[in-house]
Amino acid sequence: MSLLNILRYPDPRLHKIAKPVTAFDVRLKQLVDDMAETMYEAPGVGLAASQVDVHEQLVVIDISDSKSDLRVFINPAIVWASDEQQIYDEGCLSVPGVYDGVLRHASVKVRALDINGKAFETTAEGLLAVCIQHEMDHLKGKVFVEYLSPLKRNRIKARMLKEERENNREKKRSGAR
């Protein structure tokens with residue numbers, strides 16, 4: 001297994017729409033393993049393939065405290081969503097250090113494929129429902145900050161770009177030694 005590079009907002013690659021997975025092979029299994037390792041190391045509770053610059057409909061999620069309940073959703077589709085909505089404070093591995101409230105469906109039913117290509121459905125509520133909706137947004141090329149006001153979004157974008165410039169300067173300095 002190996003750690004993957006997580007794209008950071010406002011990287012334009014985060015806005016690419018993911019294509020359905022068609023091959024359930026060794027490469028896919030390796031990608032799932034690498035994504036899980038990357039998510040746990042970050043640390044996070046969900047990661048979409050789009051965030052690691054693989055634009056395929058693949059999501060890994062583990063909301064357990066013990067990090068022992070990895071869920072894999074391939075070609076996921078929400079087939080039902082509750083009328084009830086709630087605001088959750090969301091964060092994102094592609095927007096590190098930023099958390100804000102996003103209105104989402106309180107419960108969803110998802111149809112997806114597992115790592116072997118077998119179809120399944122699951123109903124989720126609470127944090128799992130939020131994670132599923134958040135990660136599926138990535139597959140559609142959407143980052144959670146797009147739910148925020150333009151003012152907040154622009155501040156976050158400016159902050160992320162500033163951090164990237166500072167990181168690049170630091171890398172140049174340490175590489176020049």
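Chemist: Tell me about the pattern of salt bridges, and please be specific about residues and values.
Modeler: Going through the model one piece at a time under the given rule, you end up with 13 salt bridges. Taking the shortest distance from any N to any O, the salt bridge between Asp69 and Arg71 comes out at 3.4 Å. Judged by relative accessible area, Arg71 falls into the partly exposed class, the value being 28%. Arg111 is the salt-bridge partner of Glu121, the closest N and O atoms lying 2.7 Å from each other.

Chemist: Give me the lowdown on the packing of aromatic side chains, citing residues and values where you can.
Modeler: Per the stated rule, a full pass over the model turns up one aromatic pair. Between Phe73 and Phe120 the ring centres are 5.7 Å apart and the planes differ by 45°, which places this aromatic pair in the tilted class. One end of the pair, Phe73, is in strand β3 (residues 71-81); the other, Phe120, is in strand β7 (residues 119-125), and 47 residues separate them in sequence. For Phe73, a relative accessible area of 3% translates into the label buried. A relative accessible area of 26% means that Phe120 is categorised as partly exposed. Note that Lys142 overlies the ring of Tyr147, its terminal NZ or CZ placed 4.0 Å from the centroid.

Chemist: Give me the sheet that holds strand β1 (residues 46-48): which residues, what numbers.
Modeler: What the five strands build is an open sheet, ordered β1-β2-β3-β6-β7; its pairing is antiparallel. Since the sheet does not close on itself, it has two edges, and those belong to β1 and β7, each with one partner. Within this sheet the neighbouring strands show an average axis-to-axis angle of 40°, counted without direction. Bridge analysis of strand β2 (residues 58-61) against β3 gives four bridges, and the strand direction is antiparallel. Paired with Val59 across the strands is Phe73, a residue of β3.

About the thresholds
- Residues numbered from 1 in each chain as written.
- Predicted model: local features only at pLDDT ≥ 70, side-chain atom pairs only at ≥ 80, totals over all residues.
- Heavy atoms only, no water.
- Salt bridge = Lys/Arg side-chain N within 4 Å of Asp/Glu carboxyl O.
- Buried < 20%, exposed > 50% of the residue type's maximum accessible area, 1.4 Å probe, protein only.
- Phe/Tyr/Trp six-rings, centres within 6.5 Å; stacked < 30°, edge-to-face > 60°.
- Helix = DSSP H or I, 4+ residues; strand = E, 2+ residues; numbered from the N terminus.
- Lys NZ or Arg CZ within 6 Å of the ring centre and 35° of its normal.
- Pairing = 2+ DSSP bridges.
- Axes fitted to C-alpha atoms, helices over the stretch in contact; angles between N-to-C directions.

That's the geometry; what it means functionally is another story.
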